[in-house]
Amino acid sequence: KVRMVGGALRLCVAGGEVAPGGKDELGYGILVRNVRHLLLEWMEFARMQGAQRIVVYTHENDGGQTERMLEPYIRDGVAEVVAWPFFFPISDRATAKSGVQFLSTLSMLWRYRAHVKRITMHDVDEYFVPVDRNRTILQILQNDYDPLRLDAVAANSLYFERDKSKPFPTGGMVTHEATTRLAEPHDSYFRAKSIYWASRVRNVDMHRVLHDSAHRVADTAMHMHHYRRVDSNAKGTPPSLADERRVKDASFVRDYGAELKARMNAMRKRIPQYDWLVDRKHWSAFYDGYADMHRVRGHGEFTG
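Counting of residues starts from 1 at the beginning of each chain's written sequence and follows it residue by residue. Residues qualify for local features only when their pLDDT is at least 70, as the model is predicted, and side-chain atom pairs are given and counted only at 80 or more; totals for whole chains, interfaces and linings, by contrast, use all residues. For side-chain calculations, the full set of non-hydrogen atoms in the structure is used, while hydrogens and water are omitted.

## Structural notes on the overall build of the protein
Phase 1 of the analysis: Under the scheme used here, helices are H or I runs from DSSP no shorter than 4 residues and strands are E runs no shorter than 2 residues, and both carry numbers assigned from the N terminus. Of the regular secondary structure elements, the protein holds 10 helices and 14 strands.
Phase 2 of the analysis: Using a 1.4 Å probe on the protein chains alone, a residue whose accessible area is under 20% of its type maximum counts as buried, one over 50% counts as exposed, and one in between counts as partly exposed. Taken over 304 residues, the protein has a buried fraction of 52%.
Phase 3 of the analysis: Residues count as neighbours in contact if any of their non-hydrogen atoms are within 4.5 Å of one another. Residue pairs in contact within the protein that sit at least 24 positions apart in sequence constitute 79% of those at least 6 positions apart.

## Considering the packing of aromatic side chains
Phase 1 of the analysis: Stacked, edge-to-face and tilted labels apply to pairs of Phe, Tyr and Trp rings (six-membered ring for Trp) whose centres lie within 6.5 Å, assigned for plane angles under 30 degrees, over 60, and everything in between, in that order. What the rule picks out here adds up to nine aromatic pairs.
Phase 2 of the analysis: Between phenylalanine 45 and tyrosine 256, the ring centres sit 5.0 Å apart and the planes meet at 80°, which makes this aromatic pair edge-to-face. With phenylalanine 45 in helix 1 (residues 36–48) and tyrosine 256 in helix 8 (residues 251–268), the pair connects residues that are 211 residues apart, well separated along the chain.
Phase 3 of the analysis: On the accessibility criterion, tyrosine 256 (5% relative accessible area) is buried.
Phase 4 of the analysis: Note on tyrosine 127 and tyrosine 227: the rings are 5.5 Å apart at their centroids and 85° apart in plane angle, and the pair reads as edge-to-face. Here the residue tyrosine 127 occupies a position in strand 7 (residues 126–130), and tyrosine 227 occupies one in strand 13 (residues 222–227), the gap between them amounting to 100 residues.
Phase 5 of the analysis: Owing to a relative accessible area of 1%, tyrosine 127 belongs among the buried residues under this scheme.

## Remarks on the nonpolar core
Phase 1 of the analysis: Definition of nonpolar core: a set of buried residues of the types Ala, Val, Leu, Ile, Met, Phe, Trp, Tyr and Cys, connected through side-chain atoms within 4.5 Å. Counting 54 residues, the largest nonpolar core has Tyr28, Trp42, Met43 and Ile54 as its most contacted members.
Phase 2 of the analysis: By residue number, the principal contributor to this core is helix 1, which donates eight residues.
Phase 3 of the analysis: Apart from residues no more than four positions distant in its own chain, tyrosine 28 is found in contact with Trp42, Ala46, Gln49, Ala51, Arg53, Ile54, Val55, Met108, Thr120, His122, Phe128 and Ile137.
Phase 4 of the analysis: Ranked by size, the runner-up nonpolar core spans 17 residues in total, among them Leu31, Val100, Ile119 and Ala198.

## A word on the pairing of strand 13
Across a regular strand the side chains alternate sides, sitting on one face of the sheet and then on the other.
Phase 1 of the analysis: A large share of strand 13 lies buried, amounting to six of its six residues.
Phase 2 of the analysis: Side-chain alternation along strand 13 places Met222, Met224 and His226 on one buried face and His223, His225 and Tyr227 on a second face that is also buried.
Phase 3 of the analysis: Strand pairing follows a simple DSSP-based rule, namely that at least 2 bridges must link the two strands. Pairing of strand 7 with strand 13, which is carried by five bridges, proceeds in the antiparallel orientation. Note on strand 13: the bridge partner recorded for valine 129 is histidine 223.

## Concerning helix 5 (residues 137–145)
Phase 1 of the analysis: Turning to helix 5, its buried residues are Ile137, Leu138, Ile140, Leu141 and Tyr145. The arc that holds every buried residue of helix 5, seen down its axis, measures 165°, which confines them to one face. This arc corresponds to the set of directions leading from the helix axis out to the C-beta atoms.

## A closer look at the packing of helix 1 against helix 8
Phase 1 of the analysis: Between helix 1 and helix 8, whose axes approach to 9 Å, the crossing angle comes to 115°. Taken together, helix 1 and helix 8 sit at an angle that is classed as roughly perpendicular. Relative to helix 8, helix 1 is oriented so that their crossing is right-handed. Residues Leu40, Glu41, Glu44, Phe45, Arg47 and Met48 of helix 1 lie in contact with helix 8, whose contacting residues are Phe252, Tyr256, Glu259, Leu260, Arg263, Met264, Met267 and Arg268.
Phase 2 of the analysis: Residue polarity follows a fixed list, in which Ala, Val, Leu, Ile, Met, Phe, Trp, Tyr, Cys and Pro are nonpolar, Asp, Glu, Lys and Arg are charged, and the others, Gly among them, are polar. Among the residues making up the contact of helix 1 with helix 8, the classes are represented as eight nonpolar, no polar and six charged. Only the stretch in contact is used when a helix axis is fitted, and all axes are lines through C-alpha atoms; the angle between N-to-C directions ranges over 0 to 180 degrees. Roughly parallel means an angle under 35 degrees; roughly antiparallel means over 145; roughly perpendicular covers 65 to 115; every other angle is labelled oblique. The sense of a crossing depends on the near helix, which, turned anticlockwise from the far helix by less than a right angle, makes the crossing left-handed and, turned clockwise, makes it right-handed.

## Section: the side chain of glutamate 161
Phase 1 of the analysis: Along the chain, glutamate 161 turns up in strand 8 (residues 152–161).
Phase 2 of the analysis: Under this definition, polar contacts are N or O atom pairs within 3.5 Å; protein pairs additionally need one hydrogen-donor-capable and one acceptor-capable atom, and for neighbouring residues in sequence, both atoms have to be side-chain atoms. A polar side-chain atom of glutamate 161 sits 2.8 Å from a polar atom in the side chain of arginine 246.
Phase 3 of the analysis: Residues contacting glutamate 161, with those up to four places away along its chain left out, are Ala178, Thr179, Thr180, Arg228, Val230, Asp231 and Arg246.

Here you go:
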């Protein structure tokens, strides 16, 4: 059931625990809209961290282009693409976007809770990163948190800023460009993300479970690297973030850069017309009204 609680959407899962009979240990979900130039980097790092199933929800009327781009992942049984043409008819665009994100989180939990043991829902600029770089996220979950029989673990956000004097990467790597971050991790509601033990979770919102057995990872096992603008001119940035101290941190590039780049280059060779797919001038508008909810086009042919 979906309920409004205190003005916010909540998912309430009826019934008891679902038997975790699925073969996949860790599933990542992501809601995307005109970000194909960043998707390959995100997908490959998710796989490096142990994601065995990746579900891409497309909130755009792209004629199947995202699915075409991810065809090698789909053939390998790693990924699937779900068209997500939902729209909330309210004037506040940020709240409407949150509603769409919440529904994709709900879908991820309901569709896969009997088939995937652990599930999380991301944005394309968010990366779960271990504190100990010799371990993966899946290893941390299996070894440190499985014995505790938790409903979820939450990772605090480390905000990384890109160099605003450079153009945003159209085919490059955002993790390599953004090596300045806010000095301290953040743990308030909108600055943390959770990984759920899908067979046990009963009550969630977009970022975490809502009952006492949720577990905060704090800053000892993993962080959520969030790559975004965090300054007084960036839309949606609280002043408390814009004023915080910055530090240089290129440890992600040092520890993961070479392998991540090699994996991306290998996958690019398997994707026909990759450069065409990530070219912004071929992107379509996202779903933004009732008409689009009923106008999901089939797969078209490339003309580029």
